[in-house]
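If you want the building blocks of each chain, they are given just below.
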Amino acid sequence: MASPVGEDNWVDFVDHQSREATDFEKRVNVVESFRRAVSAEPGSIKVWMAYCEYFWSLHIDCQANSDAGWPLEEQLVGQDTFTINAALNLWQEGYEAVQYRIGDSHELWDRWASLELSLLRQHHTEAAIRRVSQIFKTRLATPHATWDTTSQMFSSFLTEYKKPAYEFEMQQVTKDSRDAKRLYELRDPFEMRLQSAAKSGDAEPSRNILIEYLDWEIRQTKARKDALTNFRICLGLFSRALTGILVSHEATWQNYIVFTSTSHSDVKSGRSKIPLSVLPNTLDVLQGAVRHLPWSGPTWARYILAAEESGLPFADIERIKHAATNSAQLDRDGMTGVLDMYSAWCGYLKRTAMDPNATEEATDLAEVGLPSALEDVKHWGKRRYGDAYQGDPNFRLEKILIQFLTEKKDDVSGARAVWEQLSTIELHAKSYDFWLSWFLWEMVVFAAAKSKMRSPTPTTNSQGLRIPSYATRVFEKALKVSSLDWPERIMDVYLQHCNDYELAETLREAQDTIYKNRKRIAKRREREAAQQAEEARAAFEAQALTEAASHDQNMEDSPEADTSSGPKRKREPTPVDDDAGNKRLKNSILYGEGDEVKRDRENTSVFMANLPSDVTVTKVKQFFRGYGHVNNIDLQKQEGAPPVALIEFRSPDDAQSAMLRDGKYFGSQVVQVTPATDCTLYVTNYPPEADEQFIRDLFKDCGAIHSIRFPSLKYNARRRFCYLTFRDRGAAALATKLDRKSLEGGKYKLLAKLSDPAAKQQRNGAQIEERELHVLNLPRSTTEDELHGLFSKAGTVVSVRLLRNRVGVSQGAAFIVMSTKEEAQEAIKLLDQLLFGHRAIKVELSKPVSQKTSITIRHGSEGSPEAGSPADPAARSQSPGATSGGPTPADIAARTIAVLNIPDTMNPARVQSMLAPTGTIAKLTLHAKYGGVIVEYVDAQTARKAGLAIEGMVVDGGKKLHVDTVAELFRQKGEVRVDRIDQEPPKKTKSAAELMPPPAIRRPPVLGRGGARRGLGFVSLAKKEPNGSATTNGGSSGSGTAPTGQASKSNADFKKMFLG
């Protein structure tokens, strides 16, 4: 059974096991689990504390006066097993394992010391006093953060138990502890910085400080003074880091591995006097590293190398290799980790076989294992990347196989066949380095054969010369590759080789070939230079167009300003504006604006299959209790198929621990737990109207789809992508082949890539690099050349763009791009508020356009104009001399409805296609932030009919639409989606009005009208009305009848009257 990873998972695992330990045998098993835990995490205070506390509880529970309820037989056996000496020795063992964690070792020592003092008060003996006194002296001679507190405890101990020797003992301890206090004072600045960073709640500063602390600590181990103590403190700091916030930090693990390896080398060579017993075991360190970094190929490679150096048998090293290949995360970062691990494995096989004392079995293992490793890597690459995978650019495994065939098996023909096969792969064929490597190998073979007086290559008997013709053929093949990256280098070496070894005829042919190739390559270089220039020009133009579009959009959002005072001025924010939008907002916003939660679902999730039909989310969560923190559970149930759950954990370590539950019973069924790595695709550039069913139909032939996740549009309404999760990696890999697929006759090119949260690209460009300037209040007659000349005073001007309206008239504003950020700042300094054409111009850095939270779709000229435009009814009514014509505000309000409860994942195109059957839409504006859409129809009658049809319509997720006013829409808070089961949604806070007590209700003292009280059953006399009808005091002349001349109306009558 696989073991948990990380101190938290170990503690949770053993804690879960201890809760089920109801007899002596199970309690012993828990102790054994704790022993494995401290072996896996030897420097973890949390694990040692849990272990010692549990063993101490067993000692207490097995005593005769305990109320734990153990059977008598188990009590007697427990008293022999969980003795007081065993418990105290365990505390001492735990302390010795963590004593040089100078920042937090007091957590364990203080608890141990309190138990020792408690026992001392119960059993006051000289031996016990000497024992406790020695514990204090050892502690005070060790650097630690709470030295003053420990000293005060020792002072109280001496006062109570050794008062006559108080002064002598304190003086001696103070003298012996000078070095400990001095060594801690050197490290106190780092400890204070770590404490300050921890209080801030941000883990990133703590990581950076701890990494800096480790580098400093490693340098201290080189000093001769206090060498042993410095070395132990450094090991303690590594334990503290690698069981804490740097537990999965690959660079820190590599530092620890190299530090341990170098220390062993220094001790063996005599450069260091550190005792071997203090050094960590290299294999144990590497075993812990690969448990925490299963994706790290270099770490697996070092593990195999260390196992070989330690002399482990082949079976043990093979188990390490199998553990690496069975890891679901080895190819997390691509094929680099896989190639690193297999290179170490093949290197081990080759060295073992080529050892002078190697057995035939070792040779046979290499002969079979090396080609097998090549095939494994090839299949792995094809499975992950398909036909795009072409192998290792450095062909490391092939080099190992070639060396083995050449030197051990003396199979030159077989080795040459490997070179021939490599030359057929484009990745190697276009690399000059590959051809030179092949050429050098042929020359080595030629020289070796010459020394043996036999040639593997043909000879020319007529002249008696031995010629390396195979080496010459390498160059001939290379120059036939038109895409060779450095043919000039190949031709130079080819010509020199022929001069040195070949006959005159071959040399002449080589010169002819080189001459022809030089002409061909010269033309190729010219084409490449022209192509690069064209690409650079196109990239520059594309960037300019993008920037122009962004600024044009910004200007379109602003109403016309006074033409005599400057460019257009932005309008004031309205209830539907969201000026807090930002293009860099993450996709993982959980609750409202700015509350970001970084999640890596792709590498922290597992699938759980073969579940019983009555499974619930709660039962699944209980199944993984103790194996990691569960963030979310996506349970999918379909008719005719067993349910499947996708469980997201807090970290990759938790997900790996969850794999321990694979093959366990869930009720009466054995479940399958598999990693969900590389099962999720990032899909975009599909038609805007596409919904979940469209995506499912598009990828239905690739494999079983578990879920489709659309992003929220609340803070960026222009998003159009989704995350598509398959139930196995093969289906996801097959789905990536649909990348670049044409949709709707080539109108869209689908993008489908494996989701990789670490591959997010940073934006760039003149605006992001702070090289673009925004110039305002320019004279309308200003030209681009005048601006270019003006801003050239501050540096190199890359581009100038004047903003003009549709008829070409300048708007008094421009955007100017400088070559560097410094030149842009210099331009602001020199030219801001400069009088230019009798105007004081404003020069400032260009700012990005705020992200829109609403999108409007129009149809022809039917829809109402934008607010503030010349066609706006409100603006027109306020203009002097305004004429009638066009829709009035009342007309627009009559034909406009607001639709609420729109999911925040639906874009305007999907909403439009959903509402299109209800009537002709003139204008539609989506407000995802408020969870609704404003729909303006062509006339009021169509709007009324549409409102009735839309009311109660069911959309995604079973939500029912509701039709209301526009004002009510802007009072809504929008949808709050919580896709985690470990967090509750934010509770709605009551307003001040809601917190006020309800107003008092005044009721009349007597129901009905005033007057004398009548007896029970009294009925007043009927009165004559002017129309001749009779009424009583009850009101109408009949019970429930309508007035004379009016018939009661049904619901159908009211609907007919409303719709017309």
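Residues numbered from 1 in each chain as written. Predicted model: local features only at pLDDT ≥ 70, side-chain atom pairs only at ≥ 80, totals over all residues. Heavy atoms only, no water.

A short note on the overall build of the chain
On a plain count of helices and strands, the chain comes out with 38 helices and 25 strands. Per-residue burial over the chain gives 43% buried out of 1060 residues. (Helix = DSSP H or I, 4+ residues; strand = E, 2+ residues; numbered from the N terminus. Buried < 20%, exposed > 50% of the residue type's maximum accessible area, 1.4 Å probe, protein only.)

Topic: unusual backbone geometry
Phi at asparagine 610 is positive, roughly 65°, even though this residue is not glycine. Following the sequence through the fold, asparagine 610 ends up in the loop between β3 (605-609) and α26 (617-623). Given the relative accessible area of 31%, asparagine 610 is considered partly exposed. Here asparagine 777, not a glycine, exhibits a phi torsion of approximately 65°, which is positive.

Structural notes on the environment of methionine 914
Mapped onto the elements, methionine 914 comes out in helix α34 (residues 908-915). Sequence-wise, methionine 914 and valine 955 are 41 residues apart; in three dimensions their C-alpha atoms are separated by 8.9 Å. Ignoring sequence-local partners within four residues, the contact set of methionine 914 consists of Ile902, Met906, Met953, Val955 and Leu961. (Contact = heavy atoms within 4.5 Å.)

Some remarks on empty space enclosed by the protein
On inspection of all chains with the given rule, the structure shows 1 cavity of 30 Å³ or more. By volume, the largest cavity amounts to about 70 Å³. Contributing to the lining of the largest cavity are Tyr686, Ala690, Phe710, Pro711, Leu713, Arg719, Arg720, Phe721, Thr905, Asn907 and Arg910. (1 Å grid on protein atoms, 1.4 Å probe; cavity = no way out; pocket = protein on both sides within 12 Å on 5 of 7 lines; lining within 4 Å. Points joined across faces, edges and corners; volume = space filled by probe spheres on them.)

Quick look at the environment of arginine 182
Looking at the element boundaries, arginine 182 is found in helix α10 (residues 178-200). Considering only alpha carbons, one finds arginine 182 and proline 143, 39 residues apart in sequence, at a separation of 8.2 Å. Here arginine 182 is in contact with Lys225 and Asp226, once residues within four sequence places are set aside.

Examining the pattern of salt bridges
The full count for this structure, using the stated rule, is 43 salt bridges. In this structure, arginine 525 and glutamate 488 form a salt bridge, with 3.1 Å as the shortest nitrogen-oxygen distance. Of this pair, arginine 525 sits in helix α25 (residues 504-556) while glutamate 488 is found in helix α24 (residues 487-501), placing the two residues 37 residues apart along the sequence. You can call glutamate 488 partly exposed: its relative accessible area is 24%. Residue lysine 842 pairs with aspartate 832 through a salt bridge whose shortest N-O separation is 3.9 Å. (Salt bridge = Lys/Arg side-chain N within 4 Å of Asp/Glu carboxyl O.)

Points about the packing of helix α15 (residues 297-309) against helix α17 (residues 336-354)
It is at 7 Å that the axes of α15 and α17 come closest, and there the two elements cross at 15°. The orientation of α15 with respect to α17, classified from their angle, is roughly parallel. The handedness of the crossing between α15 and α17 is right-handed. Together, Gly297, Pro298, Trp300, Ala301, Ile304, Leu305 and Glu308 of α15 and Gly337, Asp340, Met341, Ala344, Trp345, Tyr348 and Arg351 of α17 make up the contact between the two elements. In the contact of α15 with α17, the residues fall into 9 nonpolar, 2 polar and 3 charged. (Axes fitted to C-alpha atoms, helices over the stretch in contact; angles between N-to-C directions. Parallel < 35°, antiparallel > 145°, perpendicular 65-115°, else oblique. Left-handed = near helix turned anticlockwise from the far one by under 90°. Nonpolar A, V, L, I, M, F, W, Y, C, P; charged D, E, K, R; others polar.)

What about a positive patch on the surface?
Taken together, the side chains of Lys519, Arg520, Lys523 and Arg527 define a basic patch exposed on the protein surface. By secondary structure assignment, the location of arginine 527 is in helix α25. Residue arginine 527 is classed as exposed on the basis of its relative accessible area of 55%. (Patch = residues over 30% accessible without salt bridge, like charges linked within 9 Å, V, L, I, M, F, W, Y side chains within 5 Å. Areas by Shrake-Rupley, 256 points an atom, 1.4 Å probe, with all protein chains shown as cover. Lys, Arg positive; Asp, Glu negative; His and termini not counted. Charge placed at Lys NZ, Arg CZ, Asp CG, Glu CD.)

Quick look at the sheet that holds β3
Here 4 strands make up an open sheet; going across it, the order is β4-β5-β3-β8 and the pairing antiparallel. Each end of this open sheet is capped by a strand with a single partner; those strands are β4 (630-638) and β8 (672-675). Pairs of neighbouring strands in the sheet enclose a mean axial angle of 20°, with direction left out of account. Direction of pairing for β3 relative to β8: antiparallel, over a ladder of 4 bridges. Across the sheet, residue methionine 608 finds its bridge partner in β8, namely valine 673. (Pairing = 2+ DSSP bridges.)

So, the side chain of serine 177
On the secondary structure map, serine 177 appears in the loop between α9 (166-176) and α10. Side-chain polar atoms of serine 177 contact the backbone oxygen of leucine 140, separated by 3.0 Å. When neighbours within four sequence positions are excluded, serine 177 is seen to be in contact with Leu140, Ala141 and Trp147. (Polar contact = N/O pair within 3.5 Å; in protein donor to acceptor, adjacent residues only side chain to side chain.)

Looking at the confidence of the model for the chain
In this model, the chain carries a mean pLDDT of 83, and residues with pLDDT of at least 70 account for 82%. Across the chain, element-level confidence peaks in α15 with a mean pLDDT of 96 and bottoms out in strand β25 (residues 1030-1031) with 44. In this model, residues 874-884 is a region of pLDDT below 50 whose contacts with residues beyond four sequence positions or in other chains number 8 contacts. Below a pLDDT of 50 lies the segment residues 1013-1045, which in the model reaches 11 contacts outside its immediate sequence neighbourhood of four places, other chains included. (pLDDT = per-residue confidence, 0-100.)

Some details on the sheet that holds strand β14 (residues 751-754)
Within the open sheet, the 4 strands sit side by side as β10-β11-β9-β14. Their pairing is antiparallel. Since the sheet does not close on itself, it has two edges, and those belong to β10 (705-709) and β14, each with one partner. Averaged over all adjacent pairs, the angle separating strand axes in this sheet is 25°, with direction ignored. Across 4 bridges, the pairing between β10 and strand β11 (residues 721-726) is antiparallel. Its bridge partner lying in β11, serine 707 is registered against threonine 725.

With respect to the nonpolar core
By size, the foremost hydrophobic cluster in this structure holds 102 residues, and its most contacted members are Tyr342, Trp345 and Trp435. Here this core gets 10 residues from one element, more than from any other, and that element is α17. Residue contacts for tryptophan 345: discarding those within four places in its chain leaves Ile304, Phe314, Ile317, Glu318, Lys321 and Ala373. By size, the runner-up hydrophobic cluster in this structure holds 52 residues, among which are Val31, Trp91, Leu119 and Phe157. (Core = buried A, V, L, I, M, F, W, Y, C linked by side-chain atoms within 4.5 Å.)

Description of the packing of aromatic side chains
Applying the stated criterion across every chain, the model contains 43 aromatic pairs. Pairing tryptophan 345 with tyrosine 348 gives two aromatic rings, centres 5.8 Å apart and planes at 40°, and the pair type is tilted. Taken together, the residues span about one helical turn, with tryptophan 345 and tyrosine 348 both in helix α17 at a distance of 3 residues. Judged by relative accessible area, which is 6%, tyrosine 348 ranks as buried. Residues phenylalanine 721 and tyrosine 723 carry aromatic rings whose centres are separated by 5.8 Å and whose planes lie at 85° to one another, so their mutual orientation is edge-to-face. The pair formed by phenylalanine 721 and tyrosine 723 is uniform in burial state, with each residue classed as buried. A network of ring pairs unites the aromatic residues Phe395, Trp419, Phe434, Trp435, Trp438 and Trp441 as a single cluster. A cation over a ring is seen here: arginine 416 above tyrosine 470, with NZ or CZ 3.8 Å from the ring centre. (Phe/Tyr/Trp six-rings, centres within 6.5 Å; stacked < 30°, edge-to-face > 60°. Lys NZ or Arg CZ within 6 Å of the ring centre and 35° of its normal.)

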